[in-house]
Amino acid sequence: MSETDTLLTLDNIGISFGGLRAVDGLDFSVQKGQIVGLIGPNGAGKTTVFNIITGVYKPTDGAVRWKGREISGLPPYKVADCGILRTFQTIRLFSGMSVLENVLAGQHMRTKQTWWASLLNTPGQRREERALRESCMEIIERLDLADVANEVATSLPYGVQRRVEMARTLAASPELLILDEPAAGLNDQESAELNHTILGIRDSGITVLLVEHDMNVVMRVTDNIVVINFGKKIAEGDPHSVRNNPKVIEAYLGVDEDDDEVAA
Ligand SMILES: Nc1ncnc2c1ncn2[C@@H]1O[C@H](COP(=O)(O)OP(=O)(O)OP(=O)(O)O)[C@@H](O)[C@H]1O
Ligand SMILES: [Mg+2]
């Protein structure tokens, strides 16, 4: 794959919290159109890597590049403006707001309207509002949320809330969608549906980077997997090679309760 297809590059990044080296000399890249998995045991540094990519933390070493341009050190809203958008390990929805309102809120991150146009309620603004609403409804339908579009988001079952969060993030038109444990708390059927959702997102032209413990998701949807332990990369490759890598089995899969599913 050519250099121009590389969206995101992590170049030797590192960060310490006090004496703890949470991420240490990590290198990997994400190519356009890929679904990349970042896996590793609890506390391996996965969420910290996402926090570094999205500008929550500035790495103490190395650089994060987006299409060749360094973005490490930019504040989160500027990283989001590049088209890098994420969901959180713990769901964060606006309480008291409907599913549709939550998704609209996501989209407003990318609204071109100026504040004075919205005060004046210009025809341009009304047109844009209508277009925004329609494209939100499309996303809502795509994620199978149409039946609950007007329900209060936080009153819905956990698995549905996860889809709402994903819909809200999609509404901001990501080029790279970063998902932190999207299958957490889902039952088997929901997690199988999640696979279709993630593959559908990729087919719509969005590149995906995900952290996930559910091997039924990771092994079935990813093109490339990066495995970290104690903040360092211990393996990288396609699902098949990673699954059979002795270092991975020892560090991560070997201690997984669902080991037999992994080997299946
Ligand atoms: N803000 C922080 N201050 C201090 N230590 C932190 C901070 N954030 C993370 N850590 C530590 O860094 C290490 C990596 O944490 P991180 O949350 O990135 O792991 P993870 O791979 O996402 O784990 P999990 O699978 O449990 O979500 C852990 O030891 C954690 O306690
Ligand atoms: Mg985490």
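Here, the structure is the one placed above.
Residues numbered from 1 in each chain as written. Chains lettered and ligands numbered in written order. Predicted model: local features only at pLDDT ≥ 70, side-chain atom pairs only at ≥ 80, totals over all residues. Heavy atoms only, no water.

Enquirer: Help me understand the overall build of the protein in this model?
Expert: Broken down by element type, the protein carries eleven helices and ten strands. Put simply, 67% of the contacts in the protein that link residues at least 6 apart link residues at least 24 apart. (Helix = DSSP H or I, 4+ residues; strand = E, 2+ residues; numbered from the N terminus. Contact = heavy atoms within 4.5 Å.)

Enquirer: Quick question: what am I supposed to make of the site of ligand 1 here?
Expert: Not every one of the 15 residues close to ligand 1 is listed here, only the nearest: Gly43, Lys46, Thr47, Thr48 and Gln89. At 3.1 Å, a side-chain N or O of Asn42 approaches an oxygen atom of ligand 1. Within the side chain of Tyr57, an N or O atom sits 3.0 Å from a nitrogen atom of ligand 1. In the complex, the protein chains occlude 63% of the 640 Å² of accessible area that ligand 1 would expose alone. (Near = heavy atom within 4 Å. Polar contact = N/O pair within 3.5 Å; in protein donor to acceptor, adjacent residues only side chain to side chain. Areas by Shrake-Rupley, 256 points an atom, 1.4 Å probe, with all protein chains shown as cover.)

Enquirer: What exactly am I supposed to notice about the coordination of the magnesium ion (ligand 2) here?
Expert: In an ideal octahedron of six donors the angles at the metal are 90 or 180 degrees, and in an ideal tetrahedron of four donors they are 109.5 degrees. Around the magnesium ion (ligand 2), the protein contributes the donor atoms Thr47 (OG1) and Gln89 (OE1), which lie 2.0 to 2.3 Å from the metal centre. In this pair, Thr47 is assigned in helix H1 (residues 46–53) and Gln89 in the loop between strand S6 (84–86) and helix H3 (99–107), connecting sequence segments 42 residues apart. Since its relative accessible area comes to 35%, Gln89 is described here as partly exposed. (Donors = N, O, S within 2.8 Å, 3.2 Å for Na, K, Ca; no water. Buried < 20%, exposed > 50% of the residue type's maximum accessible area, 1.4 Å probe, protein only.)

Enquirer: Teacher, can you tell me more about the environment of Phe88 here?
Expert: The topology assignment puts Phe88 in the loop between S6 and H3. You can call Phe88 partly exposed: its relative accessible area is 21%. The spatial distance from the C-alpha of Phe88 to the C-alpha of Arg162 is 9.5 Å, given a sequence separation of 74 residues. Discounting residues that sit within four places of it in the chain, Phe88 has contacts with Arg162, Glu165 and Asp180.

Enquirer: What am I meant to see in the side chain of Asn224 here?
Expert: On the secondary structure map, Asn224 appears in strand S9 (residues 224–229). What Asn224 contacts, discounting residues up to four positions off in sequence, is Gln34, Ile35, Val36, Gly37, Glu236, Gly237 and Asp238.

Enquirer: What am I meant to see in the nonpolar core here?
Expert: Looking at soluble globular proteins, one finds that nonpolar side chains tend to be buried together. Ranked by size, the top nonpolar core spans 35 residues in total, and within it Val99, Leu145 and Ile198 carry the most contacts. At the level of elements, H3, helix H5 (123–142), helix H6 (158–171), strand S7 (176–180), helix H7 (188–203), strand S8 (207–211) and helix H8 (215–221) are the ones that each hand at least two residues to this core. Of all the elements, H6 adds the most residues to this core, at six residues. The two domains that each donate at least three residues to this core are domain 1 (3–83 + 174–263) and domain 2 (96–171). Ile198 has contacts with Ile35, Leu179, Pro182, Val208, Leu210, Val217 and Val221, leaving out every residue within four places of it along the chain. (Core = buried A, V, L, I, M, F, W, Y, C linked by side-chain atoms within 4.5 Å. Domains from an automatic or database assignment.)

Enquirer: Could you clarify how one ought to interpret the sheet that holds strand S5 (residues 69–70) in this entry?
Expert: Within a sheet, each strand pairs with its neighbour through backbone hydrogen bonds, oriented either parallel or antiparallel. Judged by pairing direction, the sheet is antiparallel, and its four strands sit side by side in the order S2-S1-S4-S5 without closing on themselves. Two strands lie at the open edges of the sheet, namely strand S2 (20–31) and S5, each paired on one side alone. Summarising the sheet, strand S1 (residues 6–17) and S2 pair through eight bridges and their orientation is antiparallel. From the neighbouring strand, Ile15 faces S2, where its bridge partner is Val23. Most of the contacts of H1 go to S1, to which it runs at about 115°, and overall it touches S1, S2 and strand S4 (61–66). (Pairing = 2+ DSSP bridges. Axes fitted to C-alpha atoms, helices over the stretch in contact; angles between N-to-C directions.)

Enquirer: Which parts of the structure should I look at to understand the pattern of salt bridges?
Expert: It is possible for side chains bearing opposite charge to pair when their charged atoms get close. Inspection of the entire model under this criterion finds nine salt bridges. Residue Lys67 is joined to Glu175 by a salt bridge in which the shortest nitrogen-to-oxygen separation is 2.7 Å. Taken as a pair, Lys67 in the loop between S4 and S5 and Glu175 in the loop between H6 and S7 lie far apart in primary sequence, 108 residues in all. The salt bridge involving Arg162 is made with Glu165; its shortest N-O contact spans 4.0 Å. One end of the pair, Arg162, and the other, Glu165, are both in helix H6, three residues apart, so they sit about a helical turn from each other. Of the two residues, Arg162 and Glu165, both sit in the buried class. The structure contains a network of salt bridges with shared partners spanning Arg21, Asp24, Asp61 and Lys232. (Salt bridge = Lys/Arg side-chain N within 4 Å of Asp/Glu carboxyl O.)

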